[in-house]
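Architecture at a glance
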Amino acid sequence: MGLSKVEHINLASTPLDPKSAQLDGGVLINQFIENGISDIPQDDFCRENSVGGSKLSEHKEVSLEDISDVVDSNPISDEHKNNSSSDNGDIKKAQIDIQVPENDVSNEGRAFDSKINGNGYEEVIIPPHSQLPKPEAPPGVTYMNSPGDCPKMDRSQSLPENTAAVDMPAIGKFFKEKSNSLSAAITKRISSLREYNDDWEKSNLNVTEFNLSGLKVIVKTKENEDENSEIKFKGRVSFFSRSNCRDCKAVRNFLRERKLKYVEINIDVFPTREKELRERTGSSAVPMIFFNEKFFGGLVALNSLRNSGTLEERLRDLLGRKCPDDAPAAPVYGFDDPEEEYTDEMISIVRVLRQRLPIQDRLMKMKIVKNCFSGAEMVDLIISQYTNCGRKKAIEMGKQLARKHFIHHVFGEKEFEDGNHFYRFLEHEPFIPRCFNFRGSTNDSEPRSAAVVSQRLTKIMSAILESYASDDRSHLDYVGISNSEEFRRYVNLTQDLHRVNIFELSADEKLAFFLNLHNAMVIHAVIRIGHPDGAIERRSFYSDFLYIVGGHTYSLNLIKNGILRGNKRAPYSLVKPFSAADTRAVLAFQKVNPLIHFGLCNGTRSSPMVRFFTPQGVESELRCAAREFFLKDGLEVDLSKRTVYLTRIIKWFDADFGQEKEILKWILNYLDATKAGLLTHLLNDGGPVNIVYQNYDWSMNC
C-alpha cells in the first residue's frame, strides 16, 4: 500500500511508554522512546506533507492522550527506526510515523484544532475518521458544534419531531427563575396581608369586607362588650328552682343571655336542699338568687335592679371576690339524698321463703318451667315457721305476697292457690335480665304510691329538659343527659316501679303516668342501646326495651298500642299487644284519645317534641301539644293545588282519627288562624281536596 503522507513528530521531554494506536482507521503509530530524553526544541517537530506536490513544514506538539490505541499491527521499517535515533546523549527523541493510505482523501477536508499550551507548544487535536461509528446522544438531547456537523437523528415517540434541542443548564435556570418569582410573590402577599392587618387593627370600622378568589367574606368585628362581660368575676351565682316554673325559666334565660356562670339547685331533684332554702330565706318559694353567700332575692328583685341600671355595679361589688365556703354548695354527682324507706311488712316472710323453699326446674303442661316451687310447698313452710298459723292463714299470706308482686304464677293464670300449682319469685322471671330498670335485685321496700312515683319521675325528667333541651324542646343533648346527676337519679328512681300498684290510679293519673313513662323510656333507650337506623332495628327498639312496672314488663309498643290505644294492633302488625288472659289488658283504655299521638315522642325529628304531663292538666296539655305540632310542620295547605299535606302519623293510626274528611274537620280545632282559614276555604268551596302524607324523618332528634 502506497503512502502519500508522512508525519514526523518529536515528543516532549516526559518519558513515554511504548504504545500503538490507529488513527482514522488506517493510520499506524509506532512509538519508540529512548531513555534519557530531555527537553526537545520546538523546531524538532517537523511535518512533511506532500499533498498535491507541495511541501509544508509545521512545528506541532502531540500528547499521548490525543492519540488513539493501536488497532493495526503493521511494523515500521528499519529506516524509520534508524532515523529516530540521535547521537546526542543529552537529548533523546521519539519519532512517530503516521502512514495514511493513498486512497484516503477524507483527511484533506478535515480540520485540525490547535492551541498553544503553557510551555509554548502548540497542541493538535486530531478528529476521528468520518467512517468510524459515532456515539449517539440520549433521546431528546443533541449537542452540536456547528449546524452542519450533527445529522438529524430519530427521537423517542414521546416527543414530537419538531421539538427543539433541550439544553439542560437552561432547564435548571428556568426552574430557578420560576422558583424565585414564586417566592417573591408569596413574600409580597404576606407582607401586604401584614400591612392590611395592621391598618385594620388601627381602623375603627365595625364591618370589614374583602374579596377572595371565588369567595366573598364579610367579617363583622365584635362590638364593645357589655361592661359586666369585661369584669373577671371570681364569685358565683346560685339560685334555687323547681321544675316547670316560669319564673325560674326567666331567671335561667337571663343568666344565659348575660353569659354568667351559675349553679342551679332544683329542689324537686334534690329535695333535701329545700330545708336549706328555708333556713337561708325563711321561705320555700322559688326562684331565690344568691350572689356568693349573699341572698339577692327573686325574679322581682332582679328585674327592678336591671331596670334601674345598677345591676352591673351590684354584680361588680358582690362577685368581684372569690366565693366563700358558706355560699350554697353546688350539687355533687353520685350521692343520693338520705330518704326514709319503709320496710315491707312481708319482707321477713319473703327472706325465709327465698332461703328454704325447694326452688327447681319442673315439667308442667309439656314445658320445662325453671326456678319454681309449688303452692303446697310454700304453705307448708309458712305453717312450720310461724306458730298459731293454720293453713287458711298461710294461703291468705300467699295471696298477699302475690298481690305485692313478690311471687307470680309461672303462666300468670292464677293469683295463688294451695296445691300443685307452680309459682316463682319476681327476680326469677325469665324477662328480668332484659329489663333496664332492674339492677341486680328487686326493690323489697314498701311500694310507694304510683301517683307519687309518677310525680317524682315527671319532675326529674322536666328538670333534664330544662337543662339539656333546646328552647322548643325539639332537640336533646343525649350525651349531656347521660352524664348528668338528674339522669342518674332518674335511673335509681325507676327501681321504685318494680312493685308499684298501677291499678289504684285514676283515669287522668294513668294517662299522664303512661305518657310520661313512654317519653322517659325513649330517652333512656337512646342513651343505653342507641337510636335505631332501619325498620328491623326500630321494631326491636320499640319492643325489646323493657321496664318492670307493677311486677310486669312493659315495652314502648305495649305502652302505646296496648295501654294508650286500647289494645289495638300496631301499624303493619297482625296481633294485638295483649292476649285475652293477660292481666295487663285490664289497664288498657276503653276509648282512645287521638291527642295522645301528639304527646308521645319516639326520639325522631318528625315526632312531636318531648314533653311531660301533669295529672291535673293532662287534657289541656295534650291539646296544647297538638296545636304546637300542627303549627310547626304537622300540616301544610296549598290552595293552588287544592292539596293538604298531613303528617304520616295520621295515616298510620287512621283507626284512631276516622275518615279523611272527618280528620280535616277535627284538625280545624287545633290550627292557628292562618292555616284554619285556608283549610276552611278548601272544605267549604265544594271542590275536591287532595290529601298527601308527608315523608317521615326517622333521624334522631339531637
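Of regular secondary structure, the protein possesses 20 helices and 22 strands. The long-range share in the protein, meaning contacts at least 24 apart out of those at least 6 apart in sequence, stands at 68%.

Before going further, it helps to spend a moment on the packing of aromatic side chains. Under the defined criterion, the tally for this structure stands at 22 aromatic pairs. Measuring from centroid to centroid gives 5.8 Å for Phe629 and Phe630, while their planes differ by 70 degrees, and the two rings are edge-to-face. Considered together, Phe629 and Phe630 belong to a single accessibility category, that of buried residues. Within the aromatic cluster, the residues linked to one another by ring pairs are Phe598, Phe629, Phe630, Phe657, Trp666 and Tyr670. The ring of Tyr333 carries the charged tip of Arg488 above its face, separated from the ring centre by 5.7 Å. Residue placement shows Arg584 over the ring face of Tyr554; its charged tip is 5.9 Å from the ring centre.

Residues in a regular strand project their side chains so that they alternate between the two faces of the sheet. The element strand E11 (residues 262-266) is largely enclosed, with a buried count of four among its five residues. Pairing analysis gives five bridges linking strand E10 (residues 237-241) to E11, with the strands arranged parallel. Paired with Ser241 across the bridge in E11 is Asn266. Remark: the E10/helix H3 (residues 246-257)/E11 crossover connection has right-handed handedness.

Here we take up the confidence of the model for the protein. Taken as a whole, the protein shows an average pLDDT of 78; of its residues, 70% reach a score of 70 or greater. Within the model, the stretch residues 145-151 combines pLDDT values under 50 with two contacts to residues more than four positions away or in other chains. Segment residues 224-231 is flagged for pLDDT under 50; beyond a separation of four residues in sequence, or across chains, it makes eight contacts in the model.

Moving on, we come to the pairing of strand E14 (residues 360-364). For E14 and strand E15 (residues 367-374), the ladder comprises four bridges, and the chain directions are antiparallel. Looking across to E15, one finds that Arg362 is bridged to Val369. Counted between consecutive antiparallel strands, the loop separating E14 from E15 contains two residues, among which Lys365 sits at a positive phi close to 55 degrees.

A separate point is the sheet that holds E10. With mixed pairing, the four strands of this open sheet are ordered in space as E11-E10-E12-E13. The open sheet terminates on both sides in strands that have one partner only, identified here as E11 and strand E13 (294-297). Each strand of the sheet is rotated relative to its neighbour by a mean of 25 degrees, with strand direction disregarded. Taken together, the three bridges between strand E12 (residues 288-291) and E13 define a ladder with antiparallel strand orientation. Across the sheet, residue Ile289 finds its bridge partner in E13, namely Gly297. With respect to the sheet, H3 is in contact with E10, E11 and E12, its orientation differing from that of E10 by roughly 160 degrees. Its contacts with the sheet put helix H6 (residues 311-319) on E10, E12 and E13, and the angle it makes with E12 is roughly 60 degrees.

What follows concerns helix H13 (residues 507-529). Here H13 is 23 residues long and its end C-alpha atoms lie 32 Å apart, about the 33 Å a rise of 1.5 Å per residue gives. Burial analysis of H13 places 17 of its 23 residues in the buried class, the great majority of the element. Backbone geometry just downstream of H13 places Gly530 in the positive-phi region, at approximately 90 degrees.

Position of Pro615 relative to the elements: it lies in the loop between helix H15 (556-564) and helix H16 (618-634). Since its relative accessible area comes to 27%, Pro615 is described here as partly exposed. It is 5.4 Å that separates the C-alpha atoms of Pro615 and Ala512, two residues lying 103 residues apart in sequence. What Pro615 contacts, discounting residues up to four positions off in sequence, is Asp508, Glu509 and Ala512.

Within the secondary structure layout, Asn519 lies in helix H13. Within the structure, the side chain of Asn519 is placed 3.1 Å from the backbone oxygen of Gly599, a separation counted as a polar contact. Not counting residues up to four positions away in its chain, the partners in contact with Asn519 are Gly599, Leu600, Cys601, Val610, Arg611, Phe612 and Phe613.

For the pair helix H10 (residues 450-468) and H13, interaxial distance at closest approach is 10 Å and the crossing angle is 45 degrees. In this view, H10 runs oblique relative to H13, as classed from their interaxial angle. Seen from above, H10 lies across H13 with left-handed handedness. For the pair formed by H10 and H13, the contact residues are Ala450, Ala451, Ser454, Thr458 and Met461 on the first element and Glu509, Phe513, Asn516, Ala520 and Ile523 on the second. Of the residues assigned to the contact of H10 with H13, the class counts are six nonpolar, three polar and one charged.

By the secondary structure assignment, Asp268 is in the loop between E11 and helix H4 (273-281). Here the side chain of Asp268 touches Ser243 through a polar contact of 3.0 Å, landing on its backbone nitrogen. Residues contacting Asp268, with those up to four places away along its chain left out, are Arg242, Ser243, Arg456 and Lys459.

Attention now moves to the sheet that holds E14. Read across the sheet, four strands follow the order E14-E15-E17-E16 without closing on themselves; strand pairing throughout is antiparallel. Here the strands that pair on one side only, and so sit at the sheet edges, are E14 and strand E16 (407-409). In this sheet, neighbouring strand axes are inclined to one another by 55 degrees on average, regardless of whether the strands run parallel or antiparallel. Relative to strand E17 (residues 422-425), E16 is paired through three bridges, and the arrangement is antiparallel. Bridged to His408 within E17 is Arg424.

As enumerated under the stated definition, the model contains 29 salt bridges in all. With a shortest N-O distance of 2.5 Å, Arg611 and Glu628 are connected by a salt bridge. Here Arg611, found in the loop between H15 and H16, pairs with Glu628, found in helix H16; they are 17 residues apart in sequence, far enough to count as distant. Through salt bridges with shared partners, a single network forms among Arg242, Asp268, Glu274, Arg278 and Lys459.

So, how was this worked out
Residues numbered from 1 in each chain as written. Predicted model: local features only at pLDDT ≥ 70, side-chain atom pairs only at ≥ 80, totals over all residues. Heavy atoms only, no water. Helix = DSSP H or I, 4+ residues; strand = E, 2+ residues; numbered from the N terminus. Contact = heavy atoms within 4.5 Å. Phe/Tyr/Trp six-rings, centres within 6.5 Å; stacked < 30°, edge-to-face > 60°. Buried < 20%, exposed > 50% of the residue type's maximum accessible area, 1.4 Å probe, protein only. Lys NZ or Arg CZ within 6 Å of the ring centre and 35° of its normal. Pairing = 2+ DSSP bridges. Right-handed = clockwise from strand over helix to strand, strands pointing away. pLDDT = per-residue confidence, 0-100. Axes fitted to C-alpha atoms, helices over the stretch in contact; angles between N-to-C directions. Expected span 1.5 Å × (residues − 1). Polar contact = N/O pair within 3.5 Å; in protein donor to acceptor, adjacent residues only side chain to side chain. Parallel < 35°, antiparallel > 145°, perpendicular 65-115°, else oblique. Left-handed = near helix turned anticlockwise from the far one by under 90°. Nonpolar A, V, L, I, M, F, W, Y, C, P; charged D, E, K, R; others polar. Salt bridge = Lys/Arg side-chain N within 4 Å of Asp/Glu carboxyl O.

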